Amino acid sequence: MDDQTPTIRHSLQEWMESVAQALAVLLAIFLLFIQPANVSGESMLPTLQDGDKILLRNVLYTPSRGDIVVVDSYSAYQKALVKRVIALAGDTVDIDFESGSVRVNGELLKEDYILEPTHLEGDVTFPLTVPQGCVFVMGDNRNASLDSRSSSVGCIDCRDITGEVFFRLLPRTGGV
């Protein structure tokens, strides 16, 4: 029995070291590649709810149409924003506020993720061509969203994007 005690201790020590190393790797991945954030407001309904906890991919991220992103709070608007990328640099956005339709480069967007058609106008004139290095963003709750339709937000410099939302932690009521 005494001969097994050093072996058990050694095995237990190896197991604890392995767990500690795994936790250190997970923590490093989380800190370097994933960032938590909170949703504040109802501009992303029905996709995201006020108070949702989300995770962002933030390393080597390049925006694509349809991505949900978080914009840094030090941007022109001075508040962190969660919005959907509608158009990229060089794209032309045109919104018909009477019909509620959004077109990018003349093509009508199929937007099954929005709460209702886009009737809320901002002070930006359409059609609008997105400047180089920027994206045009809108909330999914178009008629309750302050986004690129307003000059107070405008087109978002890609350097001001914190990351892409890839997972909703809490409350987990549907997919992202």
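Residues numbered from 1 in each chain as written. Predicted model: local features only at pLDDT ≥ 70, side-chain atom pairs only at ≥ 80, totals over all residues. Heavy atoms only, no water.

### Section: the pairing of strand β5 (residues 92-96)
Now for step 1: The alternating pattern of β5 places V93 and I95 on a buried face, while none of T92, D94 and D96, on the opposite face, is buried.
Now for step 2: With 2 bridges connecting them, β5 and strand β8 (residues 128-129) associate as antiparallel partners. Bridge pairing in β8 places V93 opposite L128.
Now for step 3: Summarising the sheet, β5 and strand β6 (residues 101-104) pair through 4 bridges and their orientation is antiparallel. Across the sheet, D94 pairs through a bridge with R103, a residue of β6.
Now for step 4: Hairpin remark: β5 followed by β6, antiparallel, with 4 residues in the connecting loop; positive phi at G100, about 80°. (Buried < 20%, exposed > 50% of the residue type's maximum accessible area, 1.4 Å probe, protein only. Helix = DSSP H or I, 4+ residues; strand = E, 2+ residues; numbered from the N terminus. Pairing = 2+ DSSP bridges.)

### Quick look at the side chain of K83
Now for step 1: Of note, K83 is situated in strand β4 (residues 81-88).
Now for step 2: A polar contact of 3.2 Å, which involves the side chain of K83, links it to the backbone oxygen of L146.
Now for step 3: What K83 contacts, discounting residues up to four positions off in sequence, is S43, M44, D67, I68, V69, V137, M138, G139, S145, L146 and D147. (Polar contact = N/O pair within 3.5 Å; in protein donor to acceptor, adjacent residues only side chain to side chain. Contact = heavy atoms within 4.5 Å.)

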